[in-house]
Amino acid sequence: MDEKFNNLQTIGEKIAYLKDNGIPLPNIEQYNAEWDETRHRIMTDLYNYPDRIVEYEYTDELGQKKEGKRIEKLNRIPLAYQKEIVANAVTFLYGNPVKYTNNLEDVSMYDAYLKILDKEKIIFLDREIAKSNGRFTQCAELWWVDEEPNNYYGFPSQFRLKINILTPDKNKMYPYFNEQGDMIAFLREYEKRIEGVKVKYYEIYTAERIAILRDGNGGIELVSETANNIGKIPIVFYQFENVEWSKVQKAIERLEEISSDAGEVNKKFSAPILALNGEVTGSFSKDKTGKVLQLKGDNSRAEFVQPPNASDSLANEKEDLESILYKMTNSVNISPEALEGMGNMLATENAAYLFMLPHLKVMDKMSVYVPALKRRMSIVKSFLQLMNASFRNSDLDAEPVITPYIINNEAKFYEMLMTVNGNQPLFSQKSTMERAGVKNVDEEIAEINSEMEKKAGNDLL
C-alpha cells in the first residue's frame, strides 16, 4: 500500500488525496457536445453561422407599400460522424465475441467462468465498455456479489456474481496507481436521488477495505465500511488518451459547413429563374392552356438562368475530407453504397485487405483490452474461490482471444471450396449444426432422424 495514502488520518483527506493525485477527469462537456449532433457548432454557433436578415416589401391594410425585415433560418446540416466512427471501432473490436483458450487440464473453474460471462451477458457489456472508451476515453467495470441462491455456475451457491459498468458521464473516477503501475486505490464519486434530492456519494476501494460515504449536513459521513475479502480491488479500469474522432473533429466541422452551404445554394437556385430581355406584352395567364410571352424588339429574348457549376470543387473537397476522415481514424466506410460491387472480394481472403485499417486499430487496442480481460479473470477467480470451497486450490489460466470482425460472404466462400473439393461436403451434420448455434446437437439430430423415419413410413403408405 502507498505510504502517503495509508498515513492519511481522515476519510476527507483520503478523498482529497485521490482527487489530486489520480488520473485527470475527461472533458465530458466537450465530448458530449461533439457526440450529440444537435449541439454541433453548425447548430449552436450563431456568431460564425448566423441566420440571415431579409428585407421584403408588403402592402398594409391601407394599400400602401412598405418594407419590412424578417429572419430567414440558415440551413444547418449536422453530421453524426462521431457516432459512426465509434460504432465502426466497436464493431471491428467486439463484432466477434471474445473467446478464451484454457491452459489447464482442470476445467472446472474455467467452465464456471464461462457460465458467469454468459449469465451476465458480457458479450453485450464488452461492446458498451468499448463504446464508452471511444466516446469518453474512460470506462470501468465493478464486480460484486449479491445474495441470491442459485446453481448458475455448475455448483450450488448462496451468492450471484454481478457486474456494473461505470461510465465517466455518470461517475467521476479517480484510480491511483503506484510506480509499478498497480492500482492501489480507486475513488468513485456519483450522485443518487433520494426522496427527490440529489445526494453525492463516494466509494473508496483498496485491496484491504471498501468504504461507502455520502455528503451529510455535517460534511462527509460514513455509510459503511467492510473488509475486502478477495484481497484485490474488484475494478477493471480502461483508459485511452483521446476519443475516437479527435483527429478529425475539424474535418467533420468543415463537412458540416459544406453541406449547409450546399443547402443554401439549392434553396436559392433550385427553382427555375426566367430572365427577360426586352419589353414583355404577354403573360403566363392561369386561364390559358398555352402559356405565351410576347416580347418586343429585335434583341428581345427570354431564357432560364442556370446556376454556375461551381459546386464541383466543393464536391471534390467533401470527397477528400471524407477520405481523410476514415484514414485518420483507421475506419472504413461500410455503407451499402461504398461496398457496392465488392461481393466477390468480400467472399475471399481479399476481405482482410479491404479492412486492414480497422484491423490494425484493433491490434493496437489489444495492448489495453487483453490485460484488462486478464484482470477481469483474476477478479472473478478470487470471487469463485470464496463462493466455492473446492476452488481454493484451483487456478484459472486462460488466454483471451480477440478476433477482429470481418465482413464476408461465407456462403459464397464455402461454395467455392466445395467446387474445388468436387462438390463434397465440407462439414458433418453435427459440425454444421454447431456452427448454426444449436446447443443440444445430439438431441436435435435424433429428433430430425425420427421425423424423417415417420415421413418415410407415411410415403410408403
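Notes on the structure follow. Throughout this document, residue positions are counted from 1 along each chain, in the order its sequence is written. Residues qualify for local features only when their pLDDT is at least 70, as the model is predicted, and side-chain atom pairs are given and counted only at 80 or more; totals for whole chains, interfaces and linings, by contrast, use all residues. Side-chain numbers come from the whole structure's heavy atoms, not from hydrogens or water.

### Observations concerning the layout of surface pockets
If you roll a probe as big as a water molecule over the atoms, it shows you where there is empty space left. Quick reminder of the rule: Here a cavity denotes a set of grid points, spaced 1 Å apart and computed over the protein atoms alone, in which a 1.4 Å probe fits but from which it cannot get out, and a pocket denotes an open set meeting protein on both sides within 12 Å along at least five of seven lines; residues with an atom within 4 Å of a point are reported as lining. Grid points are joined across faces, edges and corners, and a volume is the space filled by probe spheres set on the points. Under the scheme used here, helices are H or I runs from DSSP no shorter than 4 residues and strands are E runs no shorter than 2 residues, and both carry numbers assigned from the N terminus. Each residue gets one of three labels, nonpolar for Ala, Val, Leu, Ile, Met, Phe, Trp, Tyr, Cys and Pro, charged for Asp, Glu, Lys and Arg, and polar for the others, Gly among them.
Roughly 570 Å³ of volume is contained in the second largest pocket. Taken together, 23 residues line the second largest pocket, and the ones lying closest to its centre are Trp143, Trp144, Val145, Ile210 and Phe383. Those elements that provide at least two residues to the lining of the second largest pocket are β4 (138–150), β5 (157–166), β8 (197–205), β9 (209–216), β10 (219–227) and α13 (356–387). Class assignment of the residues belonging to the lining of the second largest pocket gives a composition of 14 nonpolar, seven polar and two charged.

### Describing the nonpolar core
Short version of the rule: Throughout, nonpolar core names a set of buried Ala, Val, Leu, Ile, Met, Phe, Trp, Tyr and Cys residues whose side chains join them through atoms within 4.5 Å. Accessibility here uses a 1.4 Å probe with only protein chains present; expressed as a share of the type maximum, an area under 20% marks a residue as buried, one over 50% as exposed, and anything in between as partly exposed. Note on contacts: a residue pair qualifies if any of its non-hydrogen atoms lie within 4.5 Å across the two residues.
If you look at the biggest cluster of nonpolar residues, it comprises 61 residues, and the most contacted ones within it are Tyr100, Trp143, Leu325, Tyr369, Leu384 and Ile402. With 12 residues, α13 is the single largest residue contributor to this core. Beyond its immediate stretch of four places on either side in the chain, Leu384 contacts Met109, Ala112, Tyr113, Ile116, Phe155 and Phe391. Counting residues in hydrophobic clusters, the runner-up holds 13 residues, among them Phe5, Tyr174, Ala211 and Leu213.

### Overview of the sheet that holds strand β11 (residues 235–239)
Remark on secondary structure: sheet strands pair via backbone hydrogen bonds, oriented parallel or antiparallel. This is how the line gets drawn: In this description, strands pair whenever DSSP reports at least two bridges between them. Axis lines are fitted to C-alpha atoms, over the contacting stretch for helices. Their N-to-C directions set the angle, which ranges from 0 to 180 degrees.
Spatial strand order, β5-β4-β11: three strands in an open sheet with antiparallel pairing. This sheet does not close on itself; its edge strands, each paired only once, are β5 and β11. Here the average twist between neighbouring strands, direction ignored, is 20°. Across nine bridges, β4 lies against β5 in antiparallel orientation. Residue pairing across strands places Asp146 opposite Arg160, the latter belonging to β5. Those strands touched by α13 are β4, β5 and β11, and its axis lies near 170° from that of β11.

### Description of helix α7 (residues 122–136)
Filter applied, for reference: Here the expected span of a helix is defined as 1.5 Å times the quantity of residues minus one.
Taking 1.5 Å as the rise per residue, α7 with 15 residues should run 21 Å; its terminal C-alpha atoms sit 20 Å apart, in good agreement. Within the span of α7, buried status applies to Ile122, Leu125, Asp126, Ile129, Ala130, Ser132, Asn133, Gly134, Arg135 and Phe136. At the C-terminal side of α7, Thr137 shows a positive phi close to 80°.

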